[in-house]
Amino acid sequence: MSCQVRIASPLRSYTAGAATLPARGHTLAAVLAHLEQRCPGIRFRVIDEQDRIRPHMRLFVNASEARELTVPVCEGDTVHIICALSGG
Amino acid sequence: MAGTLWIGTRKGLFALRRRGARGAWQLAGPQFLGHIIHHVVQDPRDPRLLLMAAKTGHLGPTVFRSSDRGRSWREAREPPAFRKAADGEDARAVQRVFWLTPGHRSESGTWYAGSSPAGLFHSADEGETWQPVAGFNDHPMRPRWAALGTPDGEFLHSILVDPRDAAHLYFAISIGGVFESSDAGRSWAPLNEGCEADFLPDPNVPFGHDPHCVVQHPLLPDRLYQQNHCGIYRMDRPARRWQRIGTTMPKKIGDIGFPIVLHPADPETAWVVPMDGQSVWPRTSIGGKPAVYMTRDGGASWRRMDRGLPRSQAWFTVLRQAMCTDSRVRPGVYFGTTGGEVWAGSSAGERWRCIARHLPEIYSVSHAT
């Protein structure tokens with residue numbers, strides 16, 4: 001499945017500044033793995049070593065928040081990687 | 001002496017540089033603006049190499065490497081991470097890479113890293129890739145050794161490599177205690193006898209202590225000093241018992257603090273920055289009057305060194321990685337504050353002056369040649 005991934009600004013040092021990148025995969029896990037191939041290092045800043053979404057990160061598939069990496073991704077979907085800042 | 005002070009802050013990396021012993025300090029940076037910088041360490045085996053422990057408030061923790069003395073940086077290909085937990089296991093994830101230590105001089109390219117929650121990691125390729133040290137991270141006693149962490153987690157720090165023996169290691173966990181390995185990290189044992197833990201129901205426990213900073217003298221590796229939550233201690237190996245040397249501090253000052261640093265050529269000389277550990281533990285300068293205390297006799301006596309420091313209404317804290325010396329015969333002593341100031345004490349701290357201010361909260365200060 002082809003999708004678009006919108007990249008939050010703190011992660012764009014991994015994407016050469018790109019705010020949106022195409023990716024492939026049937027699940028969020030597969031999409032992030034594909035993204036990692038193209039942008040090495042980006043996945044670990046979002047997902048920890050136990051495959052959990054980091055506390056200050058949020059993932060959406062289209063308008064629905066995804067709490068697990070098993071969430072399916074369909075052709076034409078947009079995956080959003082969002083940073084949930086807190087504090088000063 | 002020319003040199004650089006690397007200043008790790010809550011909001012980025014700064015450098016203070018000067019040419020010659022009397023040159024003016026010039027502030028450069030920030031680099032990595034917005035990143036939390038916990039530690040920056042130069043490799044004494046290859047002074048061009050620097051490693052930096054970093055994260056941002058929302059992204060995961062990582063390590064950056066520079067092979068050109070900090071002019072450019074590149075992220076580690078495999079940052080420190082715990083192994084993937086099996087079903088039913090405690091699934092730990094590194095929240096902060098908190099501490100970096102170069103390996104033994106005979107082991108080119110080796111480094112150690114400490115994390116929160118407490119984890120020990122090893123690199124054999126100058127910090128490019130990191131592996132968990134199973135001898136500690138998977139030790140059956142680890143859940144008990146590091147059981148009393150604060151809501152911020154336990155911090156593994158003060159990783160020490162015996163300059164005579166690459167396999168002889170120490171580290172400290174705050175809260176957990178001091179631990180020792182004689183087999184390159186394959187096994188570990190607590191080393192806390194004589195050290196108090198007065199915040200625990202039983203203060204005479206084998207582990208569960210709160211070492212804030214532990215240092216080993218490079219010229220006398222059997223001499224360890226420890227600034228603990230419960231005082232200043234010293235141990236002379238092969239003894240296994242800590243001796244409290246902070247009792248010789250003035251009573252109204254006490255012996256609570258975060259950092260302790262050593263004279264590079266004199267194992268008897270050390271500096272500490274006492275903080276207020278009374279009542280609710282403000283952890284600020286005592287009475288708003290900051291001072292460094294120096295011992296020149298291994299802790300038998302201490303001298304207040306506050307010439308040039310504010311006389312009143314200065315309520316900062318100096319964190320455990322935020323103090324260092326340079327390598328001169330009468331070394332300069334440097335510390336950074338939670339209020340974003342950097343202070344330089346010339347001639348072993350005899351006279352202090354502020355060399356940078358208005359920086360973010362300072363987490364680490366380290367000297368590089």
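Our subject in this report is the structure included herewith.

How each quantity is defined
Residues numbered from 1 in each chain as written. Chains lettered and ligands numbered in written order. Predicted model: local features only at pLDDT ≥ 70, side-chain atom pairs only at ≥ 80, totals over all residues. Pairing = 2+ DSSP bridges. Helix = DSSP H or I, 4+ residues; strand = E, 2+ residues; numbered from the N terminus. Buried ≥ 20, exposed ≤ 12 C-beta atoms within 10 Å, placed from the backbone. Arc of directions from axis to C-beta. Contact = placed C-beta atoms within 7 Å. Nonpolar A, V, L, I, M, F, W, Y, C, P; charged D, E, K, R; others polar. Axes fitted to C-alpha atoms, helices over the stretch in contact; angles between N-to-C directions. Core = buried A, V, L, I, M, F, W, Y, C linked by C-beta atoms within 7 Å.

Here we take up the pairing of strand β5 (residues 78-83) of chain A. All names here are of chain A. Relative to β5, strand β1 (residues 2-7) runs parallel, the two sharing four bridges. Across the sheet, Arg6 pairs through a bridge with His80, a residue of β5. Note that strand β3 (residues 57-61) and β5 share five bridges and pair antiparallel. Within β5, the position partnered with Leu59 by the bridge is Ile81.

Among all positions in helix α1 (residues 28-38) of chain A, only Leu28, Val31, Leu32 and Leu35 of chain A are buried. Mapping the buried residues of α1 of chain A onto a view down its axis gives an arc of 95 degrees, with all of them on the same face.

Between chain B and chain A, the contact holds 13 residues from the first and 15 residues from the second. Looking at side-chain class alone, the side of chain B that touches chain A contains seven nonpolar, four polar and two charged residues.

In this section: the sheet that holds strand β28 (residues 362-368) of chain B. Residue and element names in this part refer to chain B. If you walk across this open sheet you meet the four strands as β3-β2-β1-β28, and the pairing is antiparallel. Bordering the open sheet on either side are β3 (26-31) and β28, each of which pairs with just one other strand. Ignoring strand direction, the axes of neighbouring strands in this sheet form an average angle of 20 degrees. Looking at chain direction, strand β2 (residues 12-18) and β3 are connected through four bridges and run antiparallel. Each bridged residue has a counterpart across the sheet, and for Leu16 the counterpart in β3 is Leu27.

The next point concerns the sheet that holds β1 of chain A. Residue and element names in this part refer to chain A. What the five strands build is an open sheet, ordered β2-β1-β5-β3-β4; its pairing is mixed. Edge positions in the sheet fall to β2 (20-24) and β4 (64-66), since each has one partner strand and no second. Taking the axes of each pair of neighbouring strands and ignoring which way they run, one obtains an average angle of 30 degrees across the sheet. Of the pairings in the sheet, the one linking β1 to β2 comprises five bridges and is antiparallel in character. In the sheet register, Gln4 faces β2, and the bridge partner there is Pro22. Here α1 sits on the sheet and contacts β1, β2, β3, β4 and β5; the angle it forms with β2, its principal contact strand, is near 120 degrees.

Judged by nonpolar contacts, the single largest core of 98 residues is most densely connected at Ile7, Met52, Ala113, Met323, Tyr334 and Val365 of chain B. At five residues, the largest contribution of residues to this core is made by strand β5 (residues 50-55) of chain B. When sequence neighbours within four positions are dropped, the list of residues in contact with Tyr334 of chain B reads Leu5, Met323, Cys324, Val342, Trp343, Ala344, Val365 and His367 of chain B. Residues Val5, Ala23, Leu32 and Ile47 of chain A belong to the second largest nonpolar core, which totals 20 residues.

Following Ser174 of chain B, the chain continues into Ile175 of chain B via a peptide bond in cis, with omega recorded as 15 degrees. Looking at the secondary structure, you find Ile175 of chain B in the loop between β13 (169-174) and β14 (177-181). For the peptide bond that leads from Arg237 of chain B to Pro238 of chain B, omega is 15 degrees, which places it in the cis range. In this structure, Pro238 of chain B sits in the loop between β18 (231-236) and β19 (243-244). Look at Asn62 of chain A: it is not a glycine, yet its phi comes out positive at around 55 degrees. Its place among the elements puts Asn62 of chain A in the loop between β3 and β4. Under the C-beta neighbour-count criterion, Asn62 of chain A is labelled partly exposed, with 13 such atoms within 10 Å. The phi torsion at Glu126 of chain B lies on the positive side, around 60 degrees, for a residue other than glycine. For Glu126 of chain B, the location among the structural elements is in the loop between β10 (119-123) and β11 (131-132).

By themselves, these figures tell us nothing about what the structure is for.
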